[in-house]
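# Coordinate inspection notes
Here are the chains, one letter per residue:
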Amino acid sequence: MKSVTTVENRKEGRRSLGLRFFALAAVVCVLTTWLSGCGGQPGETKAEVSRRHDRVMRLNGEMMMSDLDKVLMLDRPSRLSDRRLP
């Protein structure tokens, strides 16, 4: 006996096929990026990786504090007084 599906069920199948294709494409992109060596430098030791990560975290913290100082206007001296401070 042949099974007969309605037109609505065929459209749902197409949607799931598109979602599967998108998921497969995303996985392929992630794997390609990971396998291409974007994760680190070749020949880099654990100590160098640790130093690089520490430096990046320190610089990010410094830049964030600089941005906060600018937003709160703490980065320049106040000009409220007409007298010069020694």
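Located above this text is the structure these notes cover.
This write-up is about the structure you can find in this document. (Residues numbered from 1 in each chain as written. Predicted model: local features only at pLDDT ≥ 70, side-chain atom pairs only at ≥ 80, totals over all residues. Heavy atoms only, no water.)

## Here's the deal with the overall build of the chain
When helices and strands are tallied, the chain shows two helices and zero strands. Of the accessible surface of the chain, which amounts to about 8900 Å², a share of 63% is contributed by carbon and sulfur atoms. (Helix = DSSP H or I, 4+ residues; strand = E, 2+ residues; numbered from the N terminus. Areas by Shrake-Rupley, 256 points an atom, 1.4 Å probe, with all protein chains shown as cover.)

## Structural notes on helix α2 (residues 46-71)
Taking 1.5 Å as the rise per residue, α2 with 26 residues should run 38 Å; its terminal C-alpha atoms sit 37 Å apart, in good agreement. Backbone geometry just downstream of α2 places methionine 73 in the positive-phi region, at approximately 55°. (Expected span 1.5 Å × (residues − 1).)

## Brief notes about the pattern of salt bridges
Counted according to the given criterion, the structure contains two salt bridges. A salt bridge links glutamate 62 to arginine 58; the shortest N-O distance between them is 3.6 Å. Of this pair, glutamate 62 and arginine 58 are both found in helix α2, four residues apart, which corresponds to roughly one turn of the helix. Residue classification places glutamate 62 among the partly exposed positions, given a relative accessible area of 43%. Judged by relative accessible area, which is 46%, arginine 58 ranks as partly exposed. (Salt bridge = Lys/Arg side-chain N within 4 Å of Asp/Glu carboxyl O. Buried < 20%, exposed > 50% of the residue type's maximum accessible area, 1.4 Å probe, protein only.)

## Re a nonpolar patch on the surface
On the surface, Val27, Leu31, Trp34 and Leu35 cluster together into a nonpolar patch covering about 470 Å² of accessible area. Position of leucine 31 among the secondary structure elements: in helix α1 (residues 7-35). Overall, leucine 31 belongs to the partly exposed group, its relative accessible area being 42%. (Patch = residues over 30% accessible without salt bridge, like charges linked within 9 Å, V, L, I, M, F, W, Y side chains within 5 Å.)

So yeah, pure geometry; function would need other evidence.
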